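One-letter residues, chain by chain:
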Amino acid sequence: MKVEIFSDIVCPWCYIGHTRFARAAEAYRAKGGTVEITMRPFQLNPDAPAEGEPLLTALERKFGPDIAQMTSQVTGVAEQEGLELRFDHAVSANTAQAHRLIQVATAQGRGEEMARRLFQAHFTDGLDVGDTEVLAKLAAEAGVTDDGDGSAEVDEQLARARQLGISGVPLFLFEGQFAVSGAQPYETFVAALEEVAERTGQKPITVLAAPADGCADDSCAV
């Protein structure tokens, strides 16, 4: 089964959703199924400056001074998944080059691994995932050889996301036809995998669950 995950590296719900889905995929594989995951790009703020700044500064400018209280909810949810979100340590960044690196890694069979490393770098390690030197080090850690390509493919997939009407992430697209939106519970992902296995062959995108927490446009309800 082919599953495409549209997400952005600076979206906390994407990190949580990908983690939950990865668990569901492993459970599905343990039952004898096969799942091929491909990471797809989505930019919540494509106009973000190339030079990073403290994430809380950027969030306070957009949402106001109560951002600490706003981030506490998503931080608590992440902890239940074994993830550490350090908003006070994170750096706001333009993710164009991070997505390009994921595309390069995908061509080398390491796209999902590269995405996980970038999520951790942004939310836990306090690294600027828009910085070329940082990306070079992260690529080396993931065993990815960055040849500088991937930009055209990223642009193509961003355009495809718009054509599909995707306005928020994470979004999980099964077999190019069936969509699950948001950081759904583990059990919902397991059920979706099993249902798609029975419903392949339908052409239109079918929404299998009501939207859950996620990010839209250049904002993120944290």
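Everything discussed here concerns the structure shown above.
Quick look at the structure, then. Keep in mind the model is a prediction, meaning the values are calculated, not measured. (Residues numbered from 1 in each chain as written. Predicted model: local features only at pLDDT ≥ 70, side-chain atom pairs only at ≥ 80, totals over all residues. Heavy atoms only, no water.)

Some points on the nonpolar core
Within the largest apolar cluster, 66 residues are counted, with the highest numbers of intra-cluster contacts made by W13, F21, M114, L118, F174 and L193. Ranked by residues supplied to this core, first place goes to helix α1 (residues 12–30) with eight residues. In contact with F174, other than residues within four places in its own chain, are M1, K2, V3, F21, V180, A192, L193 and V196. (Core = buried A, V, L, I, M, F, W, Y, C linked by side-chain atoms within 4.5 Å. Buried < 20%, exposed > 50% of the residue type's maximum accessible area, 1.4 Å probe, protein only. Helix = DSSP H or I, 4+ residues; strand = E, 2+ residues; numbered from the N terminus. Contact = heavy atoms within 4.5 Å.)

Things to note about the side chain of T124
Tracing the backbone shows T124 in the loop between α5 (111–123) and α6 (132–141). A distance of 2.5 Å separates a polar side-chain atom of T124 from the backbone oxygen of E84. Those residues in contact with T124 that lie beyond four places of it in its chain are E84, R86, H89 and F119. (Polar contact = N/O pair within 3.5 Å; in protein donor to acceptor, adjacent residues only side chain to side chain.)

Some remarks on the side chain of E4
Within the secondary structure, E4 is located in strand β1 (residues 2–7). A polar contact of 2.8 Å, which involves the side chain of E4, links it to the side chain of R40. Look past the residues within four positions of E4 in its chain and what remains in contact with it is T38, R40, Q157, R160, L171, F172, L173 and G176.

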